[in-house]
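The residues making up each chain are set out below.
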Amino acid sequence: MGDLFTEIKAHVASHKPRIVLPEGTDERVLTAAAKLAADGIVKPIVIGEEAEIHALASQWGIEVEGLTIYDPVTYPHFAEMVAAFVERRKGKETTDTAQMRLKDVNYFGTMLVYMEKADGLVSGAAHSTGDTVRPALQIIKTAPGMKRTSGVFVMVKDEQKFVFADCAINIAPNEEELAEIAVATAETAKLFAIEPKVAMLSFSTLGSASSQETKKVAAATKLAQTARPDLLIDGEFQFDAAFVPAVAQKKAPDSPLRGEANVFIFPSLESGNLGYKIAQRLGGYDAIGPILQGLNKPVNDLSRGCNTDDVYKLCLITGMQAIGQTVTG
Ligand SMILES: CC(C)(COP(=O)(O)OP(=O)(O)OC[C@H]1O[C@@H](n2cnc3c(N)ncnc32)[C@H](O)[C@@H]1OP(=O)(O)O)[C@@H](O)C(=O)NCCC(=O)NCCS
Ligand SMILES: CC(=O)OP(=O)(O)O
């Protein structure tokens, strides 16, 4: 893992993208922003009232000299931002509602990215996922060809890297949505030098149980395989059949996955969110994310349970997305 982030740091530092951190009054966020600025890797823009941030920084012993701080209340381009927001949300917001909405740090930060005054955003240390990502869904929107945004975690322990999805956004994806999530996640895995072997997870392996839920995953598997025959995607699989070669030999002897999956697509948000937190808290994996895929520009969420290192690493990944770089090693 050390190596993965060493490479990411080198790429990102050569471009120094501007990353907005709307939660400037959160100690973990402010600490990570100060470290990123001091390391010269990204240019952090923190949002909040300047005097309050300076007071908090001195209380927490954080050096914020040189950090860019924007306060929505005193931001000189606020009127321009309001107009751009009303235009983007045509028919859904008025100047009055926009003025109110853009005082919210996540709406304000997302508009900085939309208006190209920043290259990416990381938030969610102190906000729920809904409040963090809703502005991005409404303003940044999905990239051409993508119907849904979804959220992945890169799970890392020592030299092991796995990708889990969707752990953040789509509560009950249907078979088309699940297929799209699988393909998008396979592509995201490649950003981290993971050659994707994708398992579509269920409580059934290749028809060992039959219900609406298992049939949905089987159908999603077929859709994903048809859409992208170049990718290795198989299912529906229980986790052991996807991950343990000896179990795969028994339950799915003809599958090309052979119990070697490294990308896991969960059938629902319930299972995906629980799954990543169990691997993180019981399994001791570093959980980097949720990294949002399918958006026009990089906006990423954090868990409210994150630490400073999680904020720092997600900013590096956001920077990497912003400069369109992938990891090689
Ligand atoms: C993500 C989430 C907040 C969006 O729901 P919502 O706020 O009710 O969104 P709405 O249905 O009002 O849609 C708002 C906008 O986002 C868009 N949108 C909603 N879900 C989307 C998705 N998955 N991908 C892309 N766009 C999406 C809608 O099309 C709509 O756009 P529009 O206003 O331009 O028409 C909701 O799905 C959610 O709460 N998910 C669970 C999040 C969570 O708690 N995760 C666990 C912790 S990580
Ligand atoms: C990703 C996630 O689960 O976020 P939170 O813990 O903030 O709900």
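Residues numbered from 1 in each chain as written. Chains lettered and ligands numbered in written order. Predicted model: local features only at pLDDT ≥ 70, side-chain atom pairs only at ≥ 80, totals over all residues. Heavy atoms only, no water.

Examining the UniProt feature "domain: Phosphate acetyl/butaryl transferase" (unreviewed entry) in the chain
Okay, step 1: When the UniProt feature table is mapped onto this chain numbering, "domain: Phosphate acetyl/butaryl transferase" (unreviewed entry) sits at residues 5–318.
Okay, step 2: Regarding residues 5–318, the helix share stands at 45% and the strand share at 18%, and the terminal C-alpha atoms are separated by 12 Å. (UniProt positions renumbered as here; feature names shortened; annotations may be inferred. Helix = DSSP H or I, 4+ residues; strand = E, 2+ residues; numbered from the N terminus.)

What to know about unusual backbone geometry
Okay, step 1: In this structure, aspartate 166 follows alanine 165 across a cis peptide bond, with omega equal to -20 degrees.
Okay, step 2: With respect to the helices and strands, aspartate 166 occurs in the loop between strand S6 (160–165) and helix H8 (175–191).
Okay, step 3: Residue proline 290 follows glycine 289 across a cis peptide bond; omega there is -5 degrees.
Okay, step 4: Residue position: proline 290 is located in strand S10 (residues 286–293).
Okay, step 5: A positive phi angle, near 50 degrees, is found at lysine 16, a position not held by glycine.
Okay, step 6: One can find lysine 16 in the loop between helix H1 (2–13) and strand S1 (18–21).
Okay, step 7: Residue classification places lysine 16 among the partly exposed positions, given a relative accessible area of 34%.
Okay, step 8: At leucine 206, a residue that is not glycine, the phi angle is positive and equals roughly 45 degrees. (Buried < 20%, exposed > 50% of the residue type's maximum accessible area, 1.4 Å probe, protein only.)

Section: the pattern of salt bridges
Okay, step 1: In total, this model carries 16 salt bridges according to the counting rule given.
Okay, step 2: Taking the shortest distance from any N to any O, the salt bridge between lysine 90 and glutamate 87 comes out at 3.0 Å.
Okay, step 3: In this structure lysine 90 comes out as exposed when scored by relative accessible area, which is 60%.
Okay, step 4: The partner of glutamate 187 in a salt bridge is arginine 228, and the shortest N-O contact between them spans 2.8 Å. Taken together, the positions of glutamate 187 in helix H8 and arginine 228 in the loop between helix H9 (212–227) and strand S8 (232–237) put the pair 41 residues apart, joining distant regions of the chain.
Okay, step 5: Classification of glutamate 187 by relative accessible area gives partly exposed; the value is 31%.
Okay, step 6: Salt bridges linked by common partners bring Glu187, Lys190, Arg228 and Asp230 together as one network. (Salt bridge = Lys/Arg side-chain N within 4 Å of Asp/Glu carboxyl O.)

Considerations on the environment of glutamine 293
Okay, step 1: Note that glutamine 293 resides in strand S10.
Okay, step 2: Leave out the neighbours within four places in its chain, and glutamine 293 touches Arg148, Thr149, Ser150, Val152, Ile181, Ala184, Thr185 and Thr188.
Okay, step 3: In this structure the side chain of glutamine 293 is engaged in a polar contact, spanning 2.5 Å, whose partner is the side chain of threonine 188. (Contact = heavy atoms within 4.5 Å. Polar contact = N/O pair within 3.5 Å; in protein donor to acceptor, adjacent residues only side chain to side chain.)

Quick word on the state of the cysteines
Okay, step 1: The final tally for this structure, using the stated rule, is zero disulfides.
Okay, step 2: The cysteine cysteine 167 is free of any disulfide, with cysteine 306 supplying the nearest cysteine sulfur at 16 Å.
Okay, step 3: Look at cysteine 167 and you get buried, because its relative accessible area is 1%. (Disulfide = S-S within 2.5 Å.)

Quick look at the site of ligand 2
Okay, step 1: Near ligand 2 you find Thr129, Phe153, Asn273, Tyr276, Lys277, Pro290, Ser303 and Arg304, and these make up its full shell.
Okay, step 2: Lysine 277 is positioned such that a nitrogen or oxygen atom in its side chain is 2.8 Å from an oxygen atom of ligand 2.
Okay, step 3: Take serine 303: an N or O atom from its side chain is 2.7 Å from an oxygen atom of ligand 2.
Okay, step 4: About the coverage of ligand 2: the protein hides 87% of its 260 Å² of free accessible area. (Near = heavy atom within 4 Å. Areas by Shrake-Rupley, 256 points an atom, 1.4 Å probe, with all protein chains shown as cover.)

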